[in-house]
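# Breakdown of the fold
The chain contents come next:
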2 protein chains.
Amino acid sequence: MRTWLIALLLFVGQQPAPSNAPNAPFPRVNPDHSVTFRIRADEAKSVRITVLGPYDLVKGDDGFWTVTTKPLEPGFYYYAVVVDGFTTTDPGSQAFFGWGRYGSAVEVPGPDSDFFAPKDVPHGTVRQQWYFSKSTGSAGAWRRVVVYTPPGYDADTRRRYPVLYLQHGAGENETSWMNQGHANFILDNLIAAGKAKPMIIVNENGLPPSGVNAAAFPEFDAVIAKDLVPFVDKTFRTIARREQRALAGLSMGGGQAMRIGLNHPDLFASIGLFSPALRNLDVAKDYDGRLADAATINKSLHLLWIGVGRDDSLHDPVKASRDKLEAAGIRHVWIESDGGHVWTVWRKYLVDFAARLF
Amino acid sequence: MRTWLIALLLFVGQQPAPSNAPNAPFPRVNPDHSVTFRIRADEAKSVRITVLGPYDLVKGDDGFWTVTTKPLEPGFYYYAVVVDGFTTTDPGSQAFFGWGRYGSAVEVPGPDSDFFAPKDVPHGTVRQQWYFSKSTGSAGAWRRVVVYTPPGYDADTRRRYPVLYLQHGAGENETSWMNQGHANFILDNLIAAGKAKPMIIVNENGLPPSGVNAAAFPEFDAVIAKDLVPFVDKTFRTIARREQRALAGLSMGGGQAMRIGLNHPDLFASIGLFSPALRNLDVAKDYDGRLADAATINKSLHLLWIGVGRDDSLHDPVKASRDKLEAAGIRHVWIESDGGHVWTVWRKYLVDFAARLF
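Residues numbered from 1 in each chain as written. Chains lettered and ligands numbered in written order. Predicted model: local features only at pLDDT ≥ 70, side-chain atom pairs only at ≥ 80, totals over all residues. Heavy atoms only, no water.

All names here are of chain A. In this model helix 5 (residues 252–263) runs 17 Å from its N-terminal to its C-terminal C-alpha over twelve residues, within 8% of the 16 Å that 1.5 Å per residue would give. In terms of burial, helix 5 is a largely internal element, ten of the twelve residues being buried. Along helix 5, the residues classified as buried are Met252, Gly253, Gly254, Gly255, Gln256, Ala257, Met258, Ile260, Gly261 and Leu262. Buried residues along helix 5 sit against strand 14 (163–167), helix 4 (217–235), strand 16 (245–250), strand 17 (270–274), helix 6 (294–300) and strand 18 (303–309). (Helix = DSSP H or I, 4+ residues; strand = E, 2+ residues; numbered from the N terminus. Expected span 1.5 Å × (residues − 1). Buried < 20%, exposed > 50% of the residue type's maximum accessible area, 1.4 Å probe, protein only. Contact = heavy atoms within 4.5 Å.)

This is the structure:
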């Protein structure tokens, strides 16, 4: 009876993570923001959570292995389950494409989670759209993009919208900004609050089919500039002018946004770099010298937005690069935030960036 | 040298399954339509493939466990990986929502796979759309539907379209007809070939949040009839007449389609039952007697389509039910096909059914 009471008290306030598969009771988020994982693996010798942690699970009499983490900052954490050397997913989690494959993640809700929640406001639409890209490979290929159209897009067929091209990080794909980032709910909420202009968001797959390599970069530049932008302008009711077009990305996607954005000032007047993969910048020489003249770039770029977390492993090269921009007199918005190289940070960056656009 | 040559010869013609995660080399489909699975699990005692099979994998000197199945009929097969009692997914597979969670599947291509392939034809759009359903639970809830709009939908904003409401089976959800079934590519191809009328397809989640139970059924009926159909007619350019509206589903969804369709003759003039979950029918009494008068139902239902595979465990009750319809003089299309209770069959049923609609 006493055991039962203690179990009940411990149970109160625990909640399945909002990132769980439907009806999956674990992982559970506890009131102190620790997470309890539970895995059934009757005959296993060892069960471990990695990426997050690592944490070794302990086997109970009921065949379930469990562990409770230390209290975590509210946010979104990728994790993997390793059972006797087999690295895989937790069936309790939804599937998120990251690390080059479908994997698990746990969302730890906190007081800051409201801005990306699906609320009682008008909702936009998330579309999968196929288009033929002549610049992909030697023969061209059909590609899939994910497109967010804002609330009301289908109702008023005369209204036209600005477009934000928004790229994921290495190992992720065109689904990640919506699935992991909840970019659609972030924009729904910003638009409902009058804090951002209604806009279209386009997510492409920045990872060439054969993986990340330098040789593939010119191809992705062409996919965006020659194929995707014209397709989007033809297919959606866009305002097809550089001032009404932005390009942003996180991590690898930030490096791509900087390079493609600077290569195509005719297409993009705003660039956003979220924890970008930038090497320590040489303002005079890098990007074919396109940053060399501050007056020219300040006239061309309406918004150059750079953010990185103080706990991000990329913090130092990003800060050094932005210091060079500052020294060279290149106008930009600089956000040095809390946090590391995680979606928790990038969702907040989108809020700040989107509110300044258009 | 000879071993190397044999290995090379065995390798020729093997292909990663089209259902794999990007760049995942396994599972592989061999020229004889057998499938080779490979799993890294250094310290495991046993590795098994279930749902498909079961097959026990054998550990090699390199730490990888492998097995090759018997030759399989071309088609789509769910499977799970069980490592030392832990039932989970194969990181080599894409994630498909089935069996109540995200799981693995292998597509074995065959001469019949062309009709659901993404081909060089105009492609429609697959949308995730949120709407508020007053009939969900006691307080109502936001729900997500998946909506296919046909090629050209955005280009000609005066044209209106018929709508097919199309439901998944138990353990699946609103993503399954597109992800597992490739309903979008099937329709793209049918429309391009002039074999089906351009139509909108709507997929809802037929599984109540708490799982399958009889008490939840009236709620889902209300979700479809009171909330979803009005939302779709308001949001999309539909032809909002019963003659231009169909309701179909597979397995559990077939049972739902029959009941909701018969309950709402004002809404639906066509019903499709794909390997439906039907008990042996009593024409006079079931469905509140709505089938009792053949003349009435024949006048009301423009198309009642019933299909089941000869190897389906539901074959006998479905055939017995359709025999009762036949004996009662209720007009219907009856397809007794090859195959079992699998997506391979339901994709083909969609082709036949869609071509007869509207």
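This part is about helix 8 (residues 343–356) of chain A. Residues spaced three or four apart along an α-helix point in a common direction, a consequence of the helix completing one turn every 3.6 residues. Under the 1.5 Å per step criterion, the end-to-end length of helix 8 of chain A is 20 Å for 14 residues, consistent within 8% with the ideal 20 Å. Looking one or two residues beyond helix 8 of chain A, the residue adopting positive phi is Phe358 of chain A, at roughly 60°.

This part takes up the pattern of salt bridges. Two side chains of opposite charge can pair, provided their charged atoms sit close to one another. Using the criterion set out here, one finds 35 salt bridges over all chains in the structure. Here Arg279 of chain A and Asp286 of chain A are joined by a salt bridge, their closest N and O atoms 2.7 Å apart. A salt bridge links Asp56 of chain B to Arg48 of chain B; the shortest N-O distance between them is 2.7 Å. Via salt bridges that share partners, Arg127 and Asp154 of chain A together with Arg127 and Asp154 of chain B belong to a single interconnected network. (Salt bridge = Lys/Arg side-chain N within 4 Å of Asp/Glu carboxyl O.)

This part covers the nonpolar core. Counting residues in each nonpolar core, the largest one holds 44 residues, and the members touching the most others are Phe37 and Val47 of chain A together with Phe37, Val47 and Ile49 of chain B. Contact partners of Phe37 of chain B, with chain neighbours within four places excluded, come to Phe26, Pro27, Ile49, Leu52, Leu57, Trp65, Thr66, Val67, Thr69, Tyr79, Asp90 and Val106 of chain B. (Core = buried A, V, L, I, M, F, W, Y, C linked by side-chain atoms within 4.5 Å.)

We now examine the relation of the copies chain B and chain A. Screw-axis analysis of chain B against chain A gives a translation of 0.0 Å along the axis, an RMSD of 0.0 Å, and a rotation angle of 180°. In short, the pair behaves as if placed about a two-fold rotation axis. Across chain B, the rotation axis passes nearest the C-alpha of Arg127 of chain B, at a separation of 2.1 Å. Mapped onto chain A, 100% of the interface residues of chain B are again interface residues, and the two copies thus contact each other with one and the same surface. (Least-squares fit on C-alpha atoms with pLDDT ≥ 70 in both.)

As a further point, take the pairing of strand 4 (residues 47–50) of chain A. All names here are of chain A. Where strand 4 and strand 8 (residues 75–83) come together, four bridges link them in antiparallel fashion. If you follow Ile49 over to strand 8, its bridge partner there is Val81. Judged from the two bridges that link them, strand 4 and strand 5 (residues 55–56) form a sheet pairing that is antiparallel. Paired with Arg48 across the strands is Asp56, a residue of strand 5. (Pairing = 2+ DSSP bridges.)

Residue Pro54 of chain A follows Gly53 of chain A across a cis peptide bond; omega there is 10°. Inspection of the secondary structure assignment puts Pro54 of chain A in the loop between strand 4 and strand 5. Positive phi is not limited to glycine here, since Phe358 of chain B has a value of about 60°. Tracing the backbone shows Phe358 of chain B in the segment after helix 8 (343–356).

For the rest of this paragraph, the subject is the pairing of strand 11 (residues 101–108) of chain A. Residues and elements named next belong to chain A. Of all eight residues making up strand 11, six are buried, and the element is well covered by its neighbours. The pairing of strand 8 with strand 11 spans five bridges and is antiparallel. When the bridges of strand 11 are listed, Tyr79 appears paired with Ser104. Pairing of strand 10 (residues 96–98) with strand 11 involves three bridges; the strand directions are antiparallel. Its bridge partner lying in strand 11, Phe97 is registered against Tyr102.

For the rest of this paragraph, the subject is the packing of aromatic side chains. Given two aromatic rings, their pairing is described by the distance between the two centres and the angle made by the two planes. All names here are of chain A. Tallied over the entire structure, the rule returns 40 aromatic pairs over all chains. Relative to Phe353, the ring of Trp305 has its centre 6.1 Å away and its plane inclined at 70°; by these criteria the two rings are edge-to-face. A residue pair is termed long-range when its members are at least 10 positions apart, and Trp305 in strand 18 and Phe353 in helix 8 qualify at 48 residues. This pair shows no difference in class: Trp305 is buried, exactly as Phe353 is. Through pairs of rings, three or more aromatic residues link up here, namely Trp177, Phe274, Trp305, Trp343, Trp346, Tyr349 and Phe353. Directly above the aromatic system of Phe26 lies the positively charged group of Arg28, at a separation of 5.3 Å from the ring centroid. The ring of Phe64 is capped by Arg40, whose NZ or CZ atom sits 4.9 Å from the centre of that ring. (Phe/Tyr/Trp six-rings, centres within 6.5 Å; stacked < 30°, edge-to-face > 60°. Lys NZ or Arg CZ within 6 Å of the ring centre and 35° of its normal.)

A separate point is the interface of chain B and chain A. Of the residues lining the interface, 47 residues belong to chain B; the matching set on chain A comes to 47 residues. Summed over the three residues of chain B that lose the most area to chain A, namely Phe86, Trp130 and Trp142 of chain B, the buried surface amounts to 17% of that side. Here Arg127 of chain B ties to Asp154 of chain A by a salt bridge, and the two come within 3.3 Å at their closest N and O atoms. Counting the contacts that link chain B with chain A gives 17 residue pairs in polar contact (both at pLDDT 80 or more). Put simply, the parts of the chain that give the side of chain B that touches chain A at least two residues each are strand 3 (35–40), strand 8 (75–83), strand 9 (86–88), strand 11 (101–108), strand 12 (125–133) and helix 3 (183–192) of chain B. Residue contributions to the side of chain B that touches chain A peak at six residues, all from strand 12 of chain B. Split into classes, the residues belonging to the side of chain B that touches chain A amount to 18 nonpolar, 19 polar and ten charged. (Buried area = accessible area lost by both parts, 1.4 Å probe. Polar contact = N/O pair within 3.5 Å; in protein donor to acceptor, adjacent residues only side chain to side chain. Nonpolar A, V, L, I, M, F, W, Y, C, P; charged D, E, K, R; others polar.)

All names here are of chain B. Two elements in contact, helix 3 and helix 8, have axes whose closest approach is 10 Å; the angle formed by their N-to-C orientations is 40°. On the basis of their axis angle, the class for helix 3 and helix 8 is oblique. Crossing geometry of helix 3 relative to helix 8 is assigned as right-handed. Between helix 3 and helix 8, the residues in contact are Ala183, Ile186, Leu187 and Leu190 and Arg347, Leu350, Val351 and Ala354, respectively. Its residues placed into classes, the contact of helix 3 with helix 8 shows seven nonpolar, no polar and one charged. (Axes fitted to C-alpha atoms, helices over the stretch in contact; angles between N-to-C directions. Parallel < 35°, antiparallel > 145°, perpendicular 65-115°, else oblique. Left-handed = near helix turned anticlockwise from the far one by under 90°.)

On their own, these measurements won't tell you what the molecule is for.
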